Amino acid sequence: MKLGISIFAWTSTVSNSHIDLISQIRDLGFSVCEVPMLAPTMLPSRSLRNAFEESGIECTVCSILPQNVNPISPDAAERKKSIHHLHKCVEVAAEMGARLIGGPLFAPIGYLPGHRPTEDEVTWATECFQSISGLLDQYQMTLALEPVNRSESLFLRTVSDARKLCRAINHPRVGIAIDTFHANIEEKSIPEAIISAGADLRHVHMSENDRGVLGSGNIDFPNVIDSLTKINYEGVLIVEGFGYSPSEPNAPGYLLADKTTSPIDLAKGSLNYLRNILTQHELENQMIKQTSAG
Ligand code: LER
Ligand code: MN
């Protein structure tokens, strides 16, 4: 499993001043870097593509919809605008060289309409993602729908919700992203959610319960890795957490991260932790194979 980190650790609005992060992230030992996409046309996509090509690491994208873009809005004009926006997101992701775009692409964060998901909303979301499926084929792009917790959306909170939507969309390039931070709130069991996602699982955000350094909180990451191995998961593991940097007021960590944890601390600590788990896991599997062979 390839290991990556999201630039969310540093900022949510990537500009030309952040291009050097790509080689820094490669030098830290990651082989993938995820770009947060809030306003696709504001991203320095060409410079980012060059930086990815020069550094030799892969790009994935996490798209967060602006407040006036909502594929499940009761307003038909807003739904139409959302399809246009998602087209742009896929095009800009492709411009950066990405083959995967994930995130809560079904509604803006904080869209909480005060009712349970309706059949209309499911139909609107299905039509929206089906209408961009040709573009996904054109750019050979995978789209991974990320269930989020109840404070961010009521529409898609669990793998079970996401699987139903995937079945309705019924396109091989549309699947699920699991974020352990959200799953820790919404799923009864993260390992069971992973197993139930099976081949629909296309992307994983490894995120501590407080978005801090992996291994410093209460998520059982060894069990997460174990479940991913059981379903033969072949996607990447993206560290999604927040670091504190006084010069980045646009970073989520500016408000939420532990002030003693810089983005670099988050990156180094989390990578070290994940590598140790993967090594331990590998050793245990070898021992099991040897024992059963002997
Ligand atoms: C995006 O990956 C995510 O996890 C959301 O919580 C962003 O708000
Ligand atoms: Mn996430």
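Here the structure is a predicted model, which means the values were calculated and not measured.

Asker: Please set out the UniProt feature "domain: Xylose isomerase-like TIM barrel" (unreviewed entry) in the protein residue by residue, giving values where relevant.
Answerer: UniProt annotation of "domain: Xylose isomerase-like TIM barrel" (unreviewed entry) refers to residues 24–250 when read in the numbering used here. The span residues 24–250 carries 41% helix and 16% strand; its end-to-end C-alpha distance comes to 20 Å.

Asker: Break down the side chain of serine 245 for me, with residues and values.
Answerer: Looking at the element boundaries, serine 245 is found in the loop between β8 (236–239) and α10 (252–256). Not counting chain neighbours up to four residues away, the residues in contact with serine 245 comprise Tyr254 and Pro263.

Asker: Talk me through the nonpolar core; I want residue IDs and the actual numbers.
Answerer: Ranked by internal contacts, the top residues of the largest apolar core, which has 80 residues, are Phe129 and Leu145. Broken down by element, the residue count for this core peaks at six residues, all from helix α3 (residues 76–95). Residues Phe8, Ile64, Phe242 and Tyr244 belong to the second largest nonpolar core, which totals six residues.

Asker: Break down the environment of arginine 275 for me, with residues and values.
Answerer: With respect to the element layout, arginine 275 can be found in helix α11 (residues 263–293). For arginine 275 and leucine 3, which are 272 residues apart along the polypeptide, the C-alpha to C-alpha distance reads 8.8 Å.

Basis of the calculations
- Residues numbered from 1 in each chain as written.
- Chains lettered and ligands numbered in written order.
- Predicted model: local features only at pLDDT ≥ 70, side-chain atom pairs only at ≥ 80, totals over all residues.
- Heavy atoms only, no water.
- UniProt positions renumbered as here; feature names shortened; annotations may be inferred.
- Helix = DSSP H or I, 4+ residues; strand = E, 2+ residues; numbered from the N terminus.
- Contact = heavy atoms within 4.5 Å.
- Core = buried A, V, L, I, M, F, W, Y, C linked by side-chain atoms within 4.5 Å.
- Buried < 20%, exposed > 50% of the residue type's maximum accessible area, 1.4 Å probe, protein only.

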